[in-house]
There are 2 protein chains.
Amino acid sequence: MALGKNYEGQECSLARALELVGERWTLLVVRDALYGVRRYGDFLTHLDIPRAVLSQRLQTLVEAGLLDKRRYQDSPPRDEYVLTERGLDLWPAVYVLAKWGERHAGGPGPQRTFHHAACDAPLDRFSACTACGRHPAPQEVEVRPGSALTFERDDPVSLAMRAPHRLLTPLP
Amino acid sequence: MALGKNYEGQECSLARALELVGERWTLLVVRDALYGVRRYGDFLTHLDIPRAVLSQRLQTLVEAGLLDKRRYQDSPPRDEYVLTERGLDLWPAVYVLAKWGERHAGGPGPQRTFHHAACDAPLDRFSACTACGRHPAPQEVEVRPGSALTFERDDPVSLAMRAPHRLLTPLP
């Protein structure tokens, strides 16, 4: 179906947000970057998507200023992708949407839980700490395996995330 | 590009949420339903999308249990679409993503502002009332024209929303 990428005439900040992050897989790439994934091969095995799709999504996110592409090795050339301030600011939206999915889109329970590290307390469904009431930045949040995590996947990122992990700390 | 609809192997509630609402236009249909749009023709003119796409999105949302389809007239038969509890629960995710769009995806300022009606106070970027601190349900929220609203659109929904409007109150 021929659908324009721009939601023309939609004078709405949601429409503008969806122009940037409303394409399939885009928010899952952002989620992985929040977890701490930085390298092409790690996105590839953890997301399990075709190379062409991943390359396109990464390029879109770089062009939109959500990811910063950094050369970390010269020979052979290798880049890593790190969230910008604009990308980091998506954390509450990604989190709130994921919590909705946990409540409503099936599944036996939380696969992962999110905690304010300083308080050692879980976040509520709006991303506030249930102890101090603040909304911690992602680097202050620890993700832990939840009761419904199946441990079936054995790519390097999934393996590393079987243990508690501070968001944005490089994975795996 | 041949992309599966299921994010297979993604043991993540965000992936499950995106299976339901990650298709183009779907969240904009939910947004309009939160505003109070209920009828096919009003979605059509306000969203300005092809009929086939709208019909498919509405059907998807009904099948996913986010919208309830109700016959409101028998001759000729006419249906309206009303958010279920599961659909209403998307309000914080839609709001938080829209606020991100307002901050980062361009635009001169807010096209619409959202207020806790009982307190007459704006919501913060996490959907909490800046006066009482609660997260009001959508029916307690008033949407008002913002400083950047251009008043260019003249479909019935856009016209009705030039005035302050309580979410979920039928539009136009």
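Residues numbered from 1 in each chain as written. Chains lettered and ligands numbered in written order. Predicted model: local features only at pLDDT ≥ 70, side-chain atom pairs only at ≥ 80, totals over all residues. Heavy atoms only, no water.

Undergrad: Help me understand the overall build of chain A, please; the structure alone is not making it clear to me.
TA: Regarding its fold elements, chain A presents seven helices and six strands. When its C-alpha atoms are laid out on the principal axes, chain A stretches across 45 × 45 × 30 Å. Per-residue burial over chain A gives 54% buried out of 172 residues. Taking contacts inside chain A between residues at least 6 apart in sequence as the whole, the part at least 24 apart equals 51%. Just so you have it, chain A exposes about 7,400 Å², and 48% of that area is on carbon and sulfur atoms. (Helix = DSSP H or I, 4+ residues; strand = E, 2+ residues; numbered from the N terminus. Buried < 20%, exposed > 50% of the residue type's maximum accessible area, 1.4 Å probe, protein only. Contact = heavy atoms within 4.5 Å. Areas by Shrake-Rupley, 256 points an atom, 1.4 Å probe, with all protein chains shown as cover.)

Undergrad: How do you make sense of the packing of helix H2 (residues 26–35) of chain A against helix H1 (residues 13–21) of chain B when you look at a structure like this?
TA: Working note: a packed helix pair is described by the angle between its axes plus the distance between those axes. As a packed pair, H2(A) and H1(B) sit with axes 10 Å apart at the nearest point and diverge in direction by 165°. What the angle tells us is that H2(A) and H1(B) run roughly antiparallel. In this structure, H2(A) meets H1(B) at a crossing whose hand is right-handed. Residue-level contacts link A:Leu27, A:Leu28 and A:Arg31 of H2(A) to B:Leu14, B:Ala15 and B:Leu18 of H1(B). Residues that form the contact of H2(A) with H1(B) fall into these classes: five nonpolar, no polar and one charged. (Axes fitted to C-alpha atoms, helices over the stretch in contact; angles between N-to-C directions. Parallel < 35°, antiparallel > 145°, perpendicular 65-115°, else oblique. Left-handed = near helix turned anticlockwise from the far one by under 90°. Nonpolar A, V, L, I, M, F, W, Y, C, P; charged D, E, K, R; others polar.)

Undergrad: It is not clear to me how the domain arrangement of chain A should be interpreted in this structure. Could you clarify?
TA: By a widely used convention, the size of an interface equals the accessible area lost when the partners come together. Residue and element names in this part refer to chain A. Partitioning chain A into domains gives domain 1 (13–86) and domain 2 (89–166). Between the C-alpha centres of domain 1 and domain 2 the distance comes to 20 Å. Counting from both sides, the interface comprises 14 residues of domain 1 and, opposite them, 16 residues of domain 2. Summed over both sides, the interface between domain 1 and domain 2 buries roughly 1,100 Å², with carbon and sulfur atoms accounting for 69% of that surface. (Domains from an automatic or database assignment. Buried area = accessible area lost by both parts, 1.4 Å probe.)

Undergrad: So what exactly am I meant to see when it comes to the relation of the copies chain B and chain A here?
TA: Both copies of the chain are related through a single rotation about an axis accompanied by a shift along the same axis. Superposing chain B onto chain A requires a rotation of 180° together with a translation of 0.0 Å along the rotation axis, leaving an RMSD of 0.0 Å. In symmetry terms, the pair is related by a two-fold rotation axis. Here 100% of the contact residues of chain B are again contact residues in chain A; the copies associate through an equivalent surface. (Least-squares fit on C-alpha atoms with pLDDT ≥ 70 in both.)

Undergrad: Help me understand the pairing of strand E5 (residues 141–145) of chain B in this model?
TA: Every regular strand shows the same layout, with side chains that alternate between the two sheet faces. Residue and element names in this part refer to chain B. Where strand E3 (residues 112–116) and E5 come together, five bridges link them in antiparallel fashion. Each residue of the ladder has a partner; that of Arg112, found in E5, is Pro145. Here two bridges tie E5 to strand E6 (residues 165–166), and the two strands are oriented antiparallel to one another. Residue pairing across strands places Glu142 opposite Arg166, the latter belonging to E6. (Pairing = 2+ DSSP bridges.)

Undergrad: It is not clear to me how the sheet that holds E6(B) should be interpreted in this structure. Could you clarify?
TA: Two strands in a sheet stick together by hydrogen bonds in their backbones, pointing the same way (parallel) or opposite ways (antiparallel). Residues and elements named next belong to chain B. Taken in spatial order, the four strands make up an open sheet running E4-E3-E5-E6, and their pairing is antiparallel. Unpaired on one side and paired on the other, strand E4 (121–122) and E6 mark the two borders of the sheet. Pairing between E3 and E4: two bridges, direction antiparallel. Residue pairing in the sheet places His115 in a bridge with Pro122 of E4.

Undergrad: I tried to follow unusual backbone geometry on my own but got confused; where do I start?
TA: With glycine set apart, most residues show a phi of negative sign, and most peptide bonds adopt trans. In the segment running from A:Ser75 into A:Pro76, the intervening peptide bond is cis, with an omega of -5°. Note that A:Pro76 resides in the loop between strand E1 (67–74) and strand E2 (77–83). Look at the link from B:Leu171 to B:Pro172: it is a cis peptide, with omega at -5°. Following the sequence through the fold, B:Pro172 ends up in the segment after E6. In this structure, A:Asp48 is a non-glycine residue whose phi angle is positive, near 60°. Locating A:Asp48 in the fold gives a position in the loop between helix H3 (40–47) and helix H4 (51–63). Although it is not a glycine, A:Ser127 adopts a positive phi angle of roughly 85°. Assignment of secondary structure puts A:Ser127 in the loop between strand E4 (121–122) and strand E5 (141–145).

Undergrad: What is the right way to read the nonpolar core from this model?
TA: For soluble globular proteins, the rule of thumb is that nonpolar side chains tend to be buried together. Core analysis: the biggest nonpolar cluster contains 100 residues, and A:Leu90 and B:Leu90 have the highest contact counts within it. Excluding anything up to four places from it in sequence, A:Leu90 contacts A:Val21, A:Leu27, A:Val30, A:Leu66, B:Leu97 and B:Trp100. (Core = buried A, V, L, I, M, F, W, Y, C linked by side-chain atoms within 4.5 Å.)

Undergrad: I tried to follow the interface of chain B and chain A on my own but got confused; where do I start?
TA: At the interface, 58 residues of chain B touch 59 residues of chain A. For the pairing of chain B and chain A, the buried interface totals around 5,600 Å² over both sides, and the portion due to carbon and sulfur atoms is 60%. Where chain B meets chain A, there are four salt bridges. Here B:Asp89 and A:Arg125 are joined by a salt bridge, their closest N and O atoms 3.1 Å apart. Elements with a contribution of two residues or more to the side of chain B that touches chain A: H1, helix H2 (26–35), helix H3 (40–47), helix H4 (51–63) and helix H6 (91–104) of chain B. Sorting elements by how many residues they give to the side of chain B that touches chain A places H6(B) first, with 11 residues. Across the side of chain B that touches chain A, the residue classes tally to 27 nonpolar, 16 polar and 15 charged. (Salt bridge = Lys/Arg side-chain N within 4 Å of Asp/Glu carboxyl O.)

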